Amino acid sequence: MRKLGVFLTRGLIVIVVLGLILTAAGAYYFRSYLPNTVAPKSFPQTDGEIQLDGLNAPVDIYRDKMGIPHIYASSPHDLFFAQGYIHAQDRFWQMDTWRHIGSGTLSEMFGSGQVETDTFLRTLGWRLTAEQEYAELDPESKAILDSYTAGVNGYLKDHDTTALSLEYAILGLLSPDYNIEPWTPVNSLTWGKAMAWDLRGNMGEEIERAVLLKTLTPDQMAELYPAYPQDHPVIVNALEESAFKVEGQTLKITSESNFELSTLNFQPLADKMARIDLALGPAGDGIGSNSWAVSGEHTTTGMPLLANDPHLGIQMPSIWYQAHLECKPITAECPYNVAGFTFAGVPGVVIGHNDRIAWGFTNVGPDVMDLYIERVNPENPNQYEVNGEWVNFETRTETVQVVGGEPVEVTIRSTRHGPVISESYGPLKNENTEDDPEFVPFKDRAGVDLPEQYVVALRWTALAPSTPFRAIWGFNKAQNWEGFREAARNFHVPAQNLLYADVDGNIGYQMPGNIPIRANGDGTLPVPGWTDEYEWTGFIPFDELPYTFNPPEGYIVTANNRCQPWDYPYLITRDWDYGFRAQRIVDMIEDDSGEIDIAYFQDMQDDSFDANGPMYVPILLQLDELSESETLAQNLLRDWDYQNRADSAAAAVFNAFWRHLLQNTFNDDLPEENYYPDGGSRWNEIMRQLDENSAWWDDKTTTDVRETRDPIIRKSFEQGVAEVEELLGRDSATWNWGEMHAATFKNSTLGESGVPPIESLFNRGPFPTGGGESIVNATGWSVKDGYETVWLPSMRMIVDLGNLNNSVTVHTTGQSGHAYHPHYVDMAPLWANTEYYAMLWDEWAITADAEGHLVLTPK
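Here is what the cut-offs are and how they apply
- Residues numbered from 1 in each chain as written.
- Predicted model: local features only at pLDDT ≥ 70, side-chain atom pairs only at ≥ 80, totals over all residues.
- Heavy atoms only, no water.
- Helix = DSSP H or I, 4+ residues; strand = E, 2+ residues; numbered from the N terminus.
- Buried < 20%, exposed > 50% of the residue type's maximum accessible area, 1.4 Å probe, protein only.
- Contact = heavy atoms within 4.5 Å.
- Areas by Shrake-Rupley, 256 points an atom, 1.4 Å probe, with all protein chains shown as cover.
- Pairing = 2+ DSSP bridges.
- Polar contact = N/O pair within 3.5 Å; in protein donor to acceptor, adjacent residues only side chain to side chain.
- Disulfide = S-S within 2.5 Å.
- Expected span 1.5 Å × (residues − 1).
- Salt bridge = Lys/Arg side-chain N within 4 Å of Asp/Glu carboxyl O.
- 1 Å grid on protein atoms, 1.4 Å probe; cavity = no way out; pocket = protein on both sides within 12 Å on 5 of 7 lines; lining within 4 Å.
- Points joined across faces, edges and corners; volume = space filled by probe spheres on them.
- Nonpolar A, V, L, I, M, F, W, Y, C, P; charged D, E, K, R; others polar.
- Core = buried A, V, L, I, M, F, W, Y, C linked by side-chain atoms within 4.5 Å.
- Axes fitted to C-alpha atoms, helices over the stretch in contact; angles between N-to-C directions.
- Parallel < 35°, antiparallel > 145°, perpendicular 65-115°, else oblique.
- pLDDT = per-residue confidence, 0-100.
- Phe/Tyr/Trp six-rings, centres within 6.5 Å; stacked < 30°, edge-to-face > 60°.

**Remarks on the overall build of the chain**
Of regular secondary structure, the chain possesses 27 helices and 31 strands. Out of the 859 residues belonging to the chain, those deemed buried represent 61%. Counting only contacts in the chain whose residues sit at least 6 apart along the sequence, the fraction spanning at least 24 positions is 74%. Accessible surface for the chain amounts to roughly 31,100 Å². Of this, 47% is attributable to carbon and sulfur atoms.

What follows is the structure, given as structure tokens:
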């Protein structure tokens, strides 16, 4: 999947680069001059002393052997100032790109090709919301942001273009008028909006259902969106009090709920969403995370262990930047001693531990986005209906600045529900202009009288002022469960499963967030906006959100599975991950209870058990009359342990079979390629529930026969084996899943330009990779597009609450964002092999073997 490689007109890139490459000087420029002369200009100073305006006292920064900074300062101001400075040293190109995404100003950096994306981002209004958030922040939070901003700008003051990153050398060829602006606190806050979009929940499914309703029946829709399975675990098994019983967990689509939806075209809206996903990476089923904590009753030390591995889109550099922030001395005024994973561009530690507690995140995926169909006045397009009256749209005009081009003005409309994110919608045609033999005139399909015009507005909790970073700064200094839970009250969006453990032996879980309570509807489909029938009436009170503390099981597992008990009184979402990863984690904990240590946790994070294997391999082993290659492939499956290890030939065979099985079963029944199966837990559950005589097995392209399961399985196995031979050769001794499923870490901007000399400067790989979809070692691939890893465990962390010095971790690429730096990709081989390095904690261990000691002093 491509991300930001669409920034510039491809032809412009090719013309500029070819003009260089076709000369000897051009070849030297890309192969030698840029890597050897220009790239090192951006490598940061890590030893000695640097004098800076804005500091109050000296700050010591030790970098360990992995390039991880350990920052020691005497005040919060100096601590966060130094963090901003270090982030800018190592990752400013990443920070610069992300702030342009968050503000809807990509055109200022990459030109006219990004105007449409900027227009949609401006429509969502992330920057406006972030500006409101900053204005409403408490003084302590503002001080953290201001100190961090001063540190970033302290670095920018003395560095520009290629002294900041190699990418600016290429950008200078393509957008020579681009100017790097100072950092602002709002640039940090827009990060939260981008992450909220990336972890947005079920909006894609809401649009997909609306599109599929055109061609599928309610029964078919229910089969494609099954209920969360009751034989898979939930995170919180019981609440102390539960006043109601939730009725029915199956999606029910009735003529009342989908009235005119089947007559509307939602594809333009889906296309707009896809433009942002190009920038932020893939979203959808599987983009989640694993975390689990076990109490001392299950461990060899008698103290808790906590593990976390967030699953996000593959990118270069890593989305994470590891750091350690410590006040010297720790006082009430300077309480921080915290280590873990940060976002370059944001102060504080997002996931990690301090001296008393550890925490991890997985995405809840609550339904906090609703699409409202607004009825537009056919006589006045500036008005929409509210409870029988026409009211004016709220409008604002914004100017999109375009580097090297003319500015573009855009007008943005909003309703009482939020921004209008679609074009106007009208009824579908009554004339069969496409000569479709199955065409039915709209007038014969409509069950109600339809308005002449619609628009679609988005209500989303992230568009109300609130930042998750207030909660994160609270976690950084929390000393116990009560302090952690109090900080979680400020975590409004994107709602995360917050996992907790502490040095006193406790484990806990809290779901936070603003989760809407609806007057009607369940958020699974767009709803009418012209009455109050589907309004939000409030949010679930924080104290009634799911949580648990020291549960009787002695463990807590979160893997994007259903979080609440079955008798929980509120709707959170119907679109959960279906719990295959969660079930496997629970099984592994219960299989080794009382003997769990860090090494066992490492094995768990490396586990590649494919739950589809036990369902379908026995059927594949019964196939007869196979070719020589198919017989060899079948024999590989006989001894397979269902682990998708990188060196497994059987895993290569099975995944190729699985891809073709989903395609052969469903592609002929679905209306367009966008909605073909792409893998993930929902499709696992669909296939688990599919009867061998189901109508889905029938191939509609063979009109003279009605297929059942077995012919489709045979066909899929034959095609899968042929594809493995095509990809890996005819010699089965050379087959392996890791090569098919390799991870290539691509710079999300210039590294996806489509121009090999540019891409080779920044991209690294491929690295053979194990794991797969709905597997604990969750390395995603696309049934539609191929086996290449497209999302992955973006880091792995294991915290030992009995001895923090024993904690281990790894993230995907390296600390540095500078191509050709020693820490640019030194972590990737460790990550690919599920290996770890020490998460250093005590100062003596850090300073004894540091590779650099930088002192920042006041000028």
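**Let's talk about the pairing of strand β27 (residues 786-793)**
The buried fraction of β27 amounts to seven of the eight residues, a majority that puts the element mostly inside the structure. Strand direction decides the pairing type here: strand β26 (residues 780-782) and β27, joined by two bridges, are antiparallel. Looking at the pairing, G780 lines up with W791 of β27. The turn joining β26 and β27, which pair antiparallel and follow one another in sequence, is formed by three residues.

**A short note on the side chain of N363**
With respect to the element layout, N363 can be found in strand β9 (residues 357-363). Looking at N363, the relative accessible area reads 8%, which means it is buried. Polar side-chain contacts of N363 include one of 3.4 Å to the backbone oxygen of L199. Excluding its chain neighbours within four sequence positions, the residues that come into contact with N363 are L199, S289, A495, Q496, N497 and N560.

**Concerning the state of the cysteines**
Under the definition given, this model contains one disulfide. Sulfur-sulfur distance for the disulfide between C327 and C334 comes to 2.0 Å. Disulfide C327 to C334: torsion about the S-S bond roughly -80 degrees, handedness left-handed. Note on C334: relative accessible area 1%, which makes it buried.

**Some thoughts on helix α7 (residues 139-156)**
Compared with the 26 Å implied by 1.5 Å per residue over 18 residues, the 25 Å span of α7 between its first and last C-alpha is a close match. For α7, the set of buried residues is S141, I144, L145, S147, Y148, T149, G151, V152, G154, Y155 and L156. Buried residues along α7 sit against β1 (48-52), α3 (76-103), α6 (126-136), α9 (185-198) and α15 (469-477). Sitting at the amino-terminal end of α7 is D138, which places a side-chain oxygen 3.2 Å from the backbone nitrogen of E140.

**Some points on the pattern of salt bridges**
Following the criterion strictly, the structure yields 34 salt bridges and no others. Here K328 makes a salt bridge to E843, at a shortest N to O gap of 2.8 Å. Of this pair, K328 sits in the loop between β6 (321-327) and β7 (337-342) while E843 sits in helix α27 (residues 843-848); the two residues are 515 residues apart in sequence, bridging distant segments of the chain. The exposure class of K328 is partly exposed, given its relative accessible area of 37%.

**Overview of empty space enclosed by the protein**
Throughout the structure, instances matching the rule amount to nine cavities of 30 Å³ or more. Here the largest cavity is characterised by a volume of approximately 210 Å³. For the lining of the largest cavity, the secondary-structure elements that each account for two or more residues are α9, β5 (305-313), β9 and α15. In terms of residue class, the lining of the largest cavity is built from 14 nonpolar, seven polar and no charged.

**Focus on the nonpolar core**
Grouped together as the largest cluster of nonpolar side chains are 206 residues, with contacts concentrated most on L224, W460, F475, Y616, F666, F717 and L856. Discounting residues that sit within four places of it in the chain, F666 has contacts with L224, P677, W683, I686, M687, L690 and W696. The next biggest cluster of nonpolar side chains, apart from the first, holds 21 residues, and it includes V557, A559, V586 and M604.

**Regarding the sheet that holds strand β22 (residues 547-549)**
One open sheet holds the 11 strands; their spatial order is β1-β31-β2-β3-β6-β7-β8-β9-β17-β18-β22, and the pairing between them is mixed. Because the sheet does not close on itself, it has two edges, and the strands there are β1 and β22. For this sheet the average axis-to-axis angle between neighbouring strands, irrespective of direction, equals 15 degrees. Note: strand β2 (residues 59-63) against strand β31 (residues 852-858), five bridges, orientation antiparallel. Looking at β31, one finds that D60 is bridged to V855.

**What to know about the sheet that holds strand β14 (residues 408-415)**
What the three strands build is an open sheet, ordered β13-β14-β15; its pairing is antiparallel. Both outer strands of the open sheet, β13 (394-400) and β15 (418-419), are each paired with one neighbouring strand and no more. As paired strands, β13 and β14 are joined by seven bridges and run antiparallel to one another. By the bridge assignment for β14, T397 is matched with T411.

**What about the packing of helix α19 (residues 612-620) against helix α21 (residues 649-666)?**
Packing of α19 against α21 brings their axes to within 12 Å, and their N-to-C directions diverge by 90 degrees. Considered as vectors, α19 and α21 are oriented roughly perpendicular to each other. Contacts between α19 and α21 pair N612, G613, Y616, V617 and L620 from the former with F654, F657, W658 and L661 from the latter.

**Looking at the confidence of the model for the chain**
Scored by pLDDT, the chain comes out at a mean of 90, with 88% of its residues at no less than 70. Below a pLDDT of 50 lies the segment residues 1-11, which in the model reaches 43 contacts outside its immediate sequence neighbourhood of four places, other chains included. For residues 241-259, every residue scores under 50 in pLDDT, and the model assigns this stretch 32 contacts once sequence neighbours within four places are set aside.

**Some points on the environment of S107**
With respect to the element layout, S107 can be found in helix α4 (residues 106-110). On the accessibility criterion, S107 (0% relative accessible area) is buried. When the C-alpha positions of S107 and V408 are compared, they lie 10.0 Å apart, and in sequence the two are 301 residues distant. Dropping the residues within four chain positions of it, S107 is found in contact with Q114, V115, D118, V400, Q401, V402 and V403.

**Observations regarding the pairing of strand β29 (residues 808-811)**
Residue alternation in β29 divides its side chains into two sets, V808 and V810 and T809 and H811, and both sets are buried. Here strand β28 (residues 795-800) pairs with β29 via four bridges, running antiparallel. Within the sheet, the bridge partner assigned to R796 lies in β29 and is V810. With two bridges joining them, β29 and strand β30 (residues 837-838) adopt antiparallel strand pairing. Residue pairing across strands places V808 opposite A838, the latter belonging to β30.

**Section: the packing of aromatic side chains**
What the rule picks out here adds up to 46 aromatic pairs. Measuring from centroid to centroid gives 5.3 Å for Y29 and F30, while their planes differ by 85 degrees, and the two rings are edge-to-face. For Y29, a relative accessible area of 18% gives the class buried. Measuring from centroid to centroid gives 5.2 Å for F80 and Y336, while their planes differ by 80 degrees, and the two rings are edge-to-face. Of the two residues, F80 is situated in helix α3 and Y336 in the loop between β6 and β7; the sequence distance between them amounts to 256 residues. Summarising the burial analysis for this pair, F80 and Y336 share the class buried.

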